[in-house]
Amino acid sequence: MIWNAHYEAMGRAELERLQSERLGELVDRLYRRVAYYRQRLDSQGVKPADINHIRDIAKLPFLTKDDMREVYPLKLLAVELADIVEVHTSSGTTGKPVVDAYTQKDIGIWAESMARTLAMGDTARSDVVHNAYGYGLFTGGLGVHYGARLIGALVIPISGGNTARQLAILRDFQATVLTCTPSYSLYLAEAAREQGLDFSTLPLRVGLFGAEPWGEGMRREIEAKLKVQALDIYGLTEIIGPGVASECEAQDGLHICEDLFYPEVIDPQSGEVLPDGSKGELVLTTLTKEGTPMLRYRTRDITYLDRSPCRCGRTAVRMHRLLGRTDDMLIIRGVNVFPSQIEEVLLKIEGIEPHYQLVVEREERLDSLEVQVEMNERLFSDEIKQLERSERRIAEALFAALGIQTRVKLVEPKSIPRSEGKAKRVVDKRQI
Ligand SMILES: [Zn+2]
């Protein structure tokens, strides 16, 4: 079912006209109202009058994650604060969080894009949506909530956690649509089995899963265990939250709401815009948002675009499910972790060498991080008990700095492979 065929199945020429018009209006508005954008455009020598077609977007400067720190909390605000009705932020584990401030109209755009997402799983008024994404500053819970409300479905705002209760509510309210992270869906399946609850006795039909990386292997497992069609959804706080792009029943790439969020794929080194089909960094522009609009935001997500016809009838461009990140950021149990942060903690600890390796694994549906660190000769001569104490001390320091549990393993001097180029700090063994 297509929620909004007018926009989702629009002809290419008409869509480009609409995008061009919206981009022109956006740049004009930002130039007048947001000093930060005006300075950026001025320093690039671009004026709103230079933006006459969507392809002129290439003349505009990029926004990066680092810029987000500079504009925290509300330097990108393009309306009066009184016009803002809601804010959400990213988790902010790597410094300042990213802020998305929504006007009443922005909440409407979010509801619209999430209604399109939910409709890709054929969600209708008669459906019961079990929404196990977290409610709060995180965008997942309320994003699904607004979309389901716009459709007129019954939404169960259960949020995350308390698995026994989740299963009871799923069964008692006969949910037909499940929304949560892919790993949590498998955790639910396992808990259900232990409690003797058989998913094939439930009317659950489809699941919309996102907010963490996952792949085809995990999709097959989810579909077999939960007896649902598993669809991938994509979004980010900077742009609106979930609702930027989502998979249709063809399960062959995620349709981007490109009348609302204009996508480009660029070469992460040169910044040059790449043709369809080429892998690169996804860049997004919010064409209609009022509160905190984003011009050419570099997501650091690697994907490629596909404009070939889709059998669902939608014409909106598809992005391939995420292929990786331009940076080396790890996502461990929903927390963003950079190797550089771990290094910073390790280098403050006496007796260890600046040689380390991070091993990420997925055990029992949960990601775990092992930090292997080389000790120096002096520490190496200590007794086992002393070493175990050191390992615990390092794990505590990492927990205090990053908020995640790690397993620390001290290894012999010179045992971690050396590299002549960039050190290979991360070994990711997760099957996704
Ligand atoms: Zn499709």
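In every chain, residue numbers begin from 1 and rise along the written sequence. Restriction of local features to residues with pLDDT of at least 70 applies here, the model being predicted, together with a cutoff of 80 or more for giving and counting side-chain atom pairs; totals for whole chains, interfaces and linings are based on all residues. Hydrogens and water molecules were not included; the side-chain quantities draw on all heavy atoms of the structure.

Details of the nonpolar core
- Counting 64 residues, the largest nonpolar core has Leu23, Leu60, Leu76, Tyr234 and Leu295 as the members making the most contacts within it.
- Tallying contributions element by element places helix α5 (residues 104-120) first for this core, with 7 residues.
- Whether two residues touch is decided by their heavy atoms; if any such pair falls within 4.5 Å, the residues are in contact. If we ignore the near neighbours within four places in the chain, the residues touching Leu76 are Val34, Tyr36, Tyr37, Leu63, Met68, Val71, Gly291, Thr292, Pro293 and Met294. Throughout this description, the term nonpolar core refers to a set of buried Ala, Val, Leu, Ile, Met, Phe, Trp, Tyr and Cys residues connected via side-chain atoms within 4.5 Å. Burial here depends on accessible area, computed with a 1.4 Å probe over protein chains only, as a share of the maximum for the residue type. Under 20% is buried, over 50% is exposed, and the range in between is partly exposed. Counting from the N terminus, the helices are DSSP H or I runs at least four residues long and the strands are E runs at least two residues long.

Quick notes on the sheet that holds strand β15 (residues 324-325)
- Two strands are said to pair when DSSP picks up at least two bridges between them. One open sheet holds the 4 strands; their spatial order is β10-β11-β12-β15, and the pairing between them is antiparallel. Because the sheet does not close on itself, it has two edges, and the strands there are β10 (261-266) and β15.
- For strand β12 (residues 297-303) and β15, the ladder comprises 2 bridges, and the chain directions are antiparallel. Each residue of the ladder has a partner; that of Ile302, found in β15, is Gly324.

Quick notes on the environment of Thr89
- Position of Thr89 relative to the elements: it lies in strand β1 (residues 84-89).
- In this structure, Thr89 is in contact with Pro97, Val98, Val99, Leu137, Phe138 and Thr237, ignoring residues within four places of it in sequence.

Structural notes on the coordination of the zinc ion
- Coordinating N, O and S atoms are those within 2.8 Å of the metal (3.2 Å for Na, K and Ca), and as water is not part of the atoms, a site may appear to have fewer donors than expected. The coordination sphere of the zinc ion, as far as protein atoms go, consists of Cys248 (SG), His255 (NE2), Cys310 (SG) and Cys312 (SG), spread over 2.1 to 2.3 Å.
- For four-coordinate sites, all angles between 85 and 135 degrees define a tetrahedron; for four- and six-coordinate sites, opposite donors beyond 155 degrees with the remaining angles between 65 and 115 define square planar and octahedral shapes respectively, and all other cases count as irregular. The site at the zinc ion holds 4 donor atoms, and with the angles between them running 101 to 114°, its shape is tetrahedral.
- In the primary sequence, the donor residues of the zinc ion line up as C-x6-H-x54-C-x1-C. For the pair shown, Cys248 and His255 are each scored as buried.

Notes on the sheet that holds strand β20 (residues 407-411)
- Taken together, the 4 strands give an open sheet; going across it, the order is β20-β19-β18-β21, and neighbouring strands pair in mixed fashion. The open sheet has two edge strands with one neighbour each: β20 and β21 (426-428). For this sheet, the mean inter-axis angle between neighbouring strands, taken without regard to orientation, is 20°.
- Alignment of strand β18 (residues 352-363) against strand β19 (residues 366-375), held across 9 bridges, turns out to be antiparallel. Across the sheet, the residue bridging to Gln357 is Gln372, located in β19.
- All axes here are fitted lines through C-alpha atoms, helices being fitted over the stretch that makes contact, and every angle between N-to-C directions spans 0 to 180 degrees. Contacts between helix α12 (residues 384-402) and the sheet are confined to β18, β19 and β20, with β20 contributing the most and set at about 135° to the helix.

Details of the packing of helix α2 (residues 12-33) against helix α3 (residues 35-44)
- The geometry of α2 relative to α3 is characterised by a closest axis approach of 6 Å and an angle of 110° between their N-to-C directions. One element, α2, and the other, α3, form an angle in the roughly perpendicular class. Along its contact with α2, which presents Val27, Leu30, Tyr31, Arg32 and Arg33, the element α3 presents Ala35, Tyr37, Arg38, Leu41 and Asp42.
- Three residue categories are used. Nonpolar comprises Ala, Val, Leu, Ile, Met, Phe, Trp, Tyr, Cys and Pro, charged comprises Asp, Glu, Lys and Arg, and polar comprises the others, including Gly. Taken together, the residues of the contact of α2 with α3 break down into 6 nonpolar, no polar and 4 charged. We call two directions roughly parallel when the angle between them is under 35 degrees, roughly antiparallel when it is over 145, roughly perpendicular when it lies between 65 and 115, and oblique otherwise.

A word on the pattern of salt bridges
- Definition used for salt bridges: Asp or Glu carboxyl oxygen within 4 Å of a side-chain nitrogen of Lys or Arg. One pass over the full model with this rule turns up 32 salt bridges.
- Notably, a salt bridge pairs Arg22 with Asp259, separated by 3.9 Å at the nearest N-O pair. Taken together, the positions of Arg22 in helix α2 and Asp259 in the loop between β9 (254-256) and β10 put the pair 237 residues apart, joining distant regions of the chain. Of the two residues examined, Arg22 and Asp259, each falls in the buried class.
- A salt bridge links Asp172 to Arg171; the shortest N-O distance between them is 3.1 Å.

Examining the side chain of His145
- Among the structural elements, His145 can be located in helix α6 (residues 139-151).
- Aside from chain neighbours lying at most four places away, what touches His145 is Asn131, Tyr135, Val155 and Pro157.

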